2 protein chains.
Amino acid sequence: MTDITDCDPATLCMAHPESLHLAPVVVDATQVALEGGADPAFGTVRWRTLICADRTPTSDMVLGVAEFGPGDRLEPHRHAPSEFYFGLSGDGTVTVEGVAHRIAPGVAIFIPSEAEHEVEAGAFGLSFAYGFPRGRFAEVDYRFRVAS
Amino acid sequence: MTDITDCDPATLCMAHPESLHLAPVVVDATQVALEGGADPAFGTVRWRTLICADRTPTSDMVLGVAEFGPGDRLEPHRHAPSEFYFGLSGDGTVTVEGVAHRIAPGVAIFIPSEAEHEVEAGAFGLSFAYGFPRGRFAEVDYRFRVAS
């Protein structure tokens, strides 16, 4: 299952950006490139973008999977859109406004608009799905904490 | 981890419904009631609602987990909000506007606004996370196909 989209290109052009009458999009995470790991401001987290209107003929939502090796981190940051995490494998700590919460498979965390949050994976690594109620990841204004 | 919310009730009342300055919400799917299975219009699918502003002090997004036994079904329906599925376990067929797509762990499916869709689980059952860019499940106008 390597098809990123079932749209034909003509339909895709007409429908892009956000509009009604998009075709469904099917994305297999194992077929999507792993990104990140290069910018120390983000930390050592890596991720795969599954649904995002910059890349897929979709609208209204961004969906991805974040992947952490043992002890890997996503540094403290905030953004205007609220966000969800949903634990898939391993475990770790999600600290929101200074309060630590454990994430593990089957645990959902709602991160409110503008809440500062950070992640540290446990000894066996961590992966979780994340999503925003925005069509494009570029609409999410990541602001990392400035080192003091 | 049985805490549905880290809010204190006073904050919760002030913040409810959607507003800024909500506290984070942590929900363990294993601690949430399984619903459904009683209305043949929906089919035999059951689900757990994790994030929904009717139940949790959250906003902007609905997140849940759908659970199917072998061969269980979600009958054909449509709704105005777009929706995502993200496969967690087992496999099955998601048919969107008459075209069948396989869902399995790690596969994301974007279902466009108003697209008719239905689900049939495979021989070993199926579970997937689903989400809507709406604060409340009640804002999602489920319309099932009328039997002909």
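Everything numeric in this text was worked out from a predicted model, so none of it was measured.

## Some points on the nonpolar core
A:L50 and B:L50 are the most contacted members of the largest nonpolar core, which totals 30 residues. Discounting residues that sit within four places of it in the chain, A:L50 has contacts with A:V27, A:A29, A:V32, A:T56, A:L63, A:G64, A:V65, B:F86 and B:A108. A:V26, B:F68, B:V107 and B:I109 belong to the second largest nonpolar core, which has 24 residues in total.

## Looking at the relation of the copies chain A and chain B
Superposition record for chain A on chain B: RMSD 0.0 Å, screw rotation 180°, translation along axis 0.0 Å. Here the symmetry operator amounts to a two-fold rotation axis. Closest approach to the rotation axis among the C-alpha atoms of chain A is made by A:P133, whose C-alpha sits 2.5 Å away. Most of the interface of chain A is mirrored in chain B, where 100% of its interface residues again form contacts.

## A few points about the interface of chain A and chain B
Facing the 38 residues of chain A at the interface are 38 residues of chain B. Note on chain A versus chain B: buried area summed over both sides is about 3,100 Å², and carbon and sulfur give 76% of it. Summed over the shared surface of chain A and chain B, the result is 0 salt bridges. Applying the counting rule to chain A against chain B returns 8 residue pairs in polar contact (both at pLDDT 80 or more). Those elements that place two or more of their residues in the side of chain A that touches chain B are β1 (25-28), β3 (46-51), β4 (62-68), β6 (83-96), β7 (99-103), β8 (107-111) and β9 (117-132) of chain A. Per-element tally for the side of chain A that touches chain B: the top contributor is β6(A), with 5 residues. The residue makeup of the side of chain A that touches chain B, split by class, is 26 nonpolar, 7 polar and 5 charged. Bridge analysis of β1(A) against strand β8 (residues 107-111) of chain B gives 4 bridges, and the strand direction is antiparallel. Bridge pairing in β8(B) places A:D28 opposite B:V107.

## Here we look at the confidence of the model for chain A
All names here are of chain A. With 84% of its residues at a pLDDT of at least 70, chain A reaches an overall mean of 88. Contacts for the low-pLDDT stretch residues 1-19, under 50 throughout, to residues beyond four places or in other chains number 36 contacts. Confidence metrics for the complex model read pTM 0.87 and ipTM 0.87.

## Structural notes on the side chain of B:H77
Residue and element names in this part refer to chain B. Inspection of the secondary structure puts H77 in strand β5 (residues 73-78). Among the residues examined, H77 registers a relative accessible area of 0% and is labelled buried. In terms of polar contacts, H77 uses its side chain to reach the backbone carbonyl oxygen of E75, at 2.9 Å. What H77 contacts, discounting residues up to four positions off in sequence, is A115, E116, H117, Y142, R143, F144 and R145.

## Points about the pattern of salt bridges
Residue and element names in this part refer to chain A. By the definition in use, this model includes 26 salt bridges over all chains. For D54, the salt bridge goes to R136, with nearest N and O atoms at 2.6 Å. Of this pair, D54 sits in the loop between β3 and β4 while R136 sits in the loop between β9 and β10 (143-144), placing them 82 residues apart in sequence. For D54, a relative accessible area of 45% corresponds to the partly exposed category.

Parameters at a glance
- Residues numbered from 1 in each chain as written.
- Chains lettered and ligands numbered in written order.
- Predicted model: local features only at pLDDT ≥ 70, side-chain atom pairs only at ≥ 80, totals over all residues.
- Heavy atoms only, no water.
- Core = buried A, V, L, I, M, F, W, Y, C linked by side-chain atoms within 4.5 Å.
- Buried < 20%, exposed > 50% of the residue type's maximum accessible area, 1.4 Å probe, protein only.
- Contact = heavy atoms within 4.5 Å.
- Least-squares fit on C-alpha atoms with pLDDT ≥ 70 in both.
- Buried area = accessible area lost by both parts, 1.4 Å probe.
- Salt bridge = Lys/Arg side-chain N within 4 Å of Asp/Glu carboxyl O.
- Polar contact = N/O pair within 3.5 Å; in protein donor to acceptor, adjacent residues only side chain to side chain.
- Helix = DSSP H or I, 4+ residues; strand = E, 2+ residues; numbered from the N terminus.
- Nonpolar A, V, L, I, M, F, W, Y, C, P; charged D, E, K, R; others polar.
- Pairing = 2+ DSSP bridges.
- pLDDT = per-residue confidence, 0-100.

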